[in-house]
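Examining the three-dimensional arrangement
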Amino acid sequence: MTSLTTVSRRDALCLTAAALALAPGLARADAAAVEAELRKLYGDRKPGSGKIRIDVPQIAENGLVVPISVEVESPMTEKDHVKTVHVFADGNPLPGIASFRFTPACGKAAASARMRLAQTQNIVAIAEMADGSLFSTMSEVKVTIGGCGG
Amino acid sequence: MVSRRELMQAGLAASALLAGSGLSAGRAFAQQKLTQGDILRFEPLGNVTLLHVADIHAQLVPTWFREPSINLGVGEAKGRVPHITGKDFLDLYQIPAGSPMAYALTAEDFASLAKNYGRMGGLDRLATIIKAIRAERGENRCLLLDCGDTWTNSWTSLQTKAQDIVECMNLLKPDAMTAHWEFTLGAERVEEITRSLPYPLLAQNIRDTEFEDKVFEPRRMFERGGVRIAVIGQAYPYTAIANPRRMFPKWAFGLREDELQKQVEEARGEGADLVVLLSHNGFDIDHKVAGRVRGIDVILTSHTHDALPEPVRVGQTLLIATGACGKFISRLDLDVRAKRVQGFRHRLIPIFSDAIEPDAEMAALIARHRAPYEKDLKRILGRTEGLLYRRGNFQGSLDDVFTDAMLEVRDAEISLSPGMRWGGSLLPGQDITFEDITNASAMTYPQCYRTTMKGAMLKAILEDIGDNIFNPDPYYQGGGDMVRVGGMGFSVNPFGTVGNRISNMTFLKTGAPIDANRDYVVAGWASINEGTQGPPIWEVVGQYLTARKTITPRNESAVKVVGL
Amino acid sequence: MSNKPVPRVRVPANAKKDELIEIKTLISHEMESGQRKDSAGATIPRKIINTFTANFNGKTVFEATWHPAISANPYQSFFYKAAESGEFTFQWKDDDGSVYESKAKLTVA
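So, how was this worked out
- Residues numbered from 1 in each chain as written.
- Chains lettered and ligands numbered in written order.
- Predicted model: local features only at pLDDT ≥ 70, side-chain atom pairs only at ≥ 80, totals over all residues.
- Helix = DSSP H or I, 4+ residues; strand = E, 2+ residues; numbered from the N terminus.
- Buried ≥ 20, exposed ≤ 12 C-beta atoms within 10 Å, placed from the backbone.
- Contact = placed C-beta atoms within 7 Å.
- pLDDT = per-residue confidence, 0-100.
- Pairing = 2+ DSSP bridges.
- Axes fitted to C-alpha atoms, helices over the stretch in contact; angles between N-to-C directions.
- Nonpolar A, V, L, I, M, F, W, Y, C, P; charged D, E, K, R; others polar.
- Expected span 1.5 Å × (residues − 1).
- Arc of directions from axis to C-beta.

Now for the overall build of chain A. Summing up its helical and strand segments, chain A has 2 helices and 7 strands in all. Mapped from its N terminus to its C terminus, chain A presents α and β elements in the order α-α-β-β-β-β-β-β-β. Residue burial in chain A is summarised as follows: out of 150 residues, 57% are buried. Of the contacts made within chain A by residues no fewer than 6 positions apart, 66% connect residues no fewer than 24 positions apart.

Structural data, given as structure tokens:
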């Protein structure tokens, strides 16, 4: 409905139409684009589920600033720690959001950042452990017009 | 759906409410009015009493407030309380038709019962009830908790920036509150009020937008009757979406379920015997929270304005729903021993204004705050021949007045009015006063704009708001009821998916389908956009009523609900 | 960018040995995504901070790669298990080659 480039979708509403006219029909990444990124990184290796959690709002307050936190269960020792977490989104112009590289010195494999989301979409995170095993999870963030309630 | 049987199995002393008040005595007593003694009757239990008020919406004086005749549940909430209305509701709780509680809790026969039983609410009556319970139970056993939506949405609160309602609430001596519409006073004013508030505004789920620090105290520990009670505050998680974010630009909200779990665990770690969530999530979100967050004993719910005569139990958690606009207060007596709720007794206490002696001190304070505005409040704008009300999933007859007024006064083809759950009712034959209209519209962003929108845009709006109400996952629901529309009809399938709920959009002036590519002149109000231009909505409605003089509510609705 | 990016970091001054501390960082930066168009319709070129690095006593503790979907004025938090006293060096690398730096001391008792 709108893009990273203009006002967020909810800003357009309740209600002036003018902002929407600005929204160009930008190309979107999709689930396939996210899969292609994962294949580039990890080939056909299949991630397990569990161990990794992402915390994102169910409904974004502002598509331009959406908080994301990731946390992976791990003792974070030299032998057994989380190396990397990659975060992707399947509804932005480009699928990449961020990659976090942890070390045992972190003590805890958790990080937070803020991202732009152009529309309602899924956030995918994949963790690679020191032994090469992979774990992934997904969560949907709704980007809404909002503004008519209470 | 929670059956009657399940409610009983959950150990609910359902009959306590009815037997205690004489309400179950059957139809012979159906029309019998209650006395203050009936209203207060309660066999105390255990060591702690929680008193719960919610969604007062700054209503200092008694009002008419018709409960919804339609309140659909979706997903797991389908057919489950509070999504049961009318006769089904009366049957479920064995409330005799025509009785005081039937009048208080449903839309059945509302207009005629209202004439018999009178207005409900009024902080002076509420003060009487609270004082009586504290006196009977002992102040050191009682905890009074306010779920918020307290400081806004009356004319006097708008004019005084909530000073009137804040001073009156202080007289009630609550122990804690949380908030939602309060934030539309703007962050600065909220901070100014809370600095001098004699009790905390609790909110575990508000962070500053820089370093994610908590803006408000997340929880507080109280000791009552020898019980350590942790009260965790949960402000409305979607405040920054449903209301103008610019009014509190440095605050971010959200459900923050993980953090809530941590709060519960920390509270237990500090020795809490009882954990209470003071929540503005709304009932369906709280129902889900109760099933996912471990260790909460009681959730005091709000936002969705539901009034339930019995608690709903989810696992070990009790959910209490106390209605809106001062109509009720809930009393929950708990027997807490060995860090567990061993027993409870509950009553949804109706505030029948004719039956309860007003508290003199509160009555005087209310009168003092209203005096400067009394002339405005009493100003008669018109008269209604039929019942006017708002509350319900879809357009009420009072909403028709708003959407018709915008079409006429703003010379628009289509009008949009937000589906707020507050706003009282008017009885047939009643004069419509400025107070009646502002009770349904007083807010800090009231401008009635006039713009053009393509048909496709109108569809997108209806779909988006439809998904906020009818998403089967309550964590994805936000806002109020469905947007009200003038000049356009449509069908809505609550059980559809986003983008597929709305159909048959019709331009009523011509009967033609709404054209996705045509520009329509649209009027609306309560825009969350910065810089919205236009007269305040109460002026638009006032002008319309003054010209029209008499309102005759329509019987037919332009909204068709399909897929049921 | 008209203004030089200004980093701000939140690091506790003291920690107990083996205590988990949360480090919070912010830097003012537009994070121009390369997706926007100017009023003439021309694409505004991408200019973002693409890498954030946190070193402690010269050793990398945590690193992040940021894509254009990271919000303006990027925020990054992460954890550090307090092992020894020393100094954090935080670095933000811009697409244009600039590196912005901030330091913070930590005393471990």
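All right, on to the confidence of the model for chain C then. Predicted confidence across chain C gives a mean pLDDT of 96, with 98% of residues reaching 70 or more. The ipTM assigned to the predicted complex is 0.95, against a pTM of 0.92.

Glancing now at the environment of Glu191(B). Residue and element names in this part refer to chain B. For Glu191, the position within the fold is in helix 10 (residues 187–196). The exposure class of Glu191 is partly exposed, given the 14 C-beta atoms found within 10 Å. Through-space distance from the C-alpha of Glu191 to that of Glu357 is 35 Å; in sequence the pair is 166 residues apart.

Residue and element names in this part refer to chain B. Within the open sheet, the 3 strands sit side by side as 16-14-23. Their pairing is mixed. Two strands lie at the open edges of the sheet, namely strand 16 (431–433) and strand 23 (550–551), each paired on one side alone. Packing against the sheet, helix 19 (residues 537–548) makes contact with strand 14 (380–384), strand 16 and strand 23, and its axis sits at approximately 60° to strand 14.

The 9 strands are arranged 7(A)-6(A)-3(A)-4(A)-5(C)-4(C)-7(C)-8(C)-2(C) in an open sheet whose pairing can be described as mixed. The sheet is open, and its two edges are formed by strand 7 (134–141) of chain A together with strand 2 (14–15) of chain C, each paired on a single side. Sheet analysis places strand 2 of chain C next to strand 8 (residues 99–108) of chain C, joined by 2 bridges and oriented parallel. Bridge pairing links Asn14(C) to Thr107(C) in strand 8 of chain C.

Glycine aside, a negative phi is what most residues show, and trans is what most peptide bonds show. Following Val81(B), the chain continues to Pro82(B) via a peptide bond in cis, the omega torsion being 5°. If you trace the backbone, Pro82(B) turns up in the loop between strand 1 (48–53) and helix 4 (86–92). The backbone of Lys339(B) sits at a positive phi, close to 60°, despite the residue not being glycine. Tracing the sequence through the fold places Lys339(B) in the loop between strand 12 (328–337) and strand 13 (340–350). You will see that Asn57(C), though not glycine, has its phi angle at about 45°, which is positive. Mapped onto the secondary structure, Asn57(C) falls in the loop between strand 4 (49–56) and strand 5 (59–66).

Here the focus is the interface of chain A and chain C. Residue-level contacts link 29 residues of chain A with 27 residues of chain C. Broken down by secondary-structure element, the contributors of at least two residues to the side of chain A that touches chain C are strand 4 (96–101) and strand 5 (109–115) of chain A. Each residue belonging to the side of chain A that touches chain C can be placed in one class, and the counts come to 17 nonpolar, 8 polar and 4 charged.

Across 8 bridges, the pairing between strand 7 (residues 86–94) of chain C and strand 8 of chain C is antiparallel. Bridging across to strand 8 of chain C, Glu87(C) finds its partner in Lys105(C).

Residue and element names in this part refer to chain B. Taking 1.5 Å of rise per residue, the 13 residues of helix 12 (residues 257–269) would be expected to cover 18 Å, and the 18 Å separating its terminal C-alpha atoms lies within 8% of that figure. All of the buried residues in helix 12 are Leu260, Gln263, Val264 and Ala267. Take helix 12 and look down its axis: the buried residues cluster within an arc of 95°, on one side only. Against strand 5 (219–224), strand 6 (227–234) and strand 8 (274–279) lie the buried residues of helix 12. Directly beyond the C-terminal end of helix 12, a positive phi value near 100° is found at Gly271.

Residues and elements named next belong to chain B. Topologically, Leu143 is positioned in strand 2 (residues 142–146). In this structure Leu143 comes out as buried when scored by C-beta crowding, with 22 C-beta atoms within 10 Å. For the pair formed by Leu143 and Ile56, sequence separation is 87 residues and the distance between their alpha carbons is 18 Å. Setting aside its immediate chain neighbours within four residues, Leu143 contacts Leu50, Leu51, Asp175, Phe222, Arg224 and Ile229.

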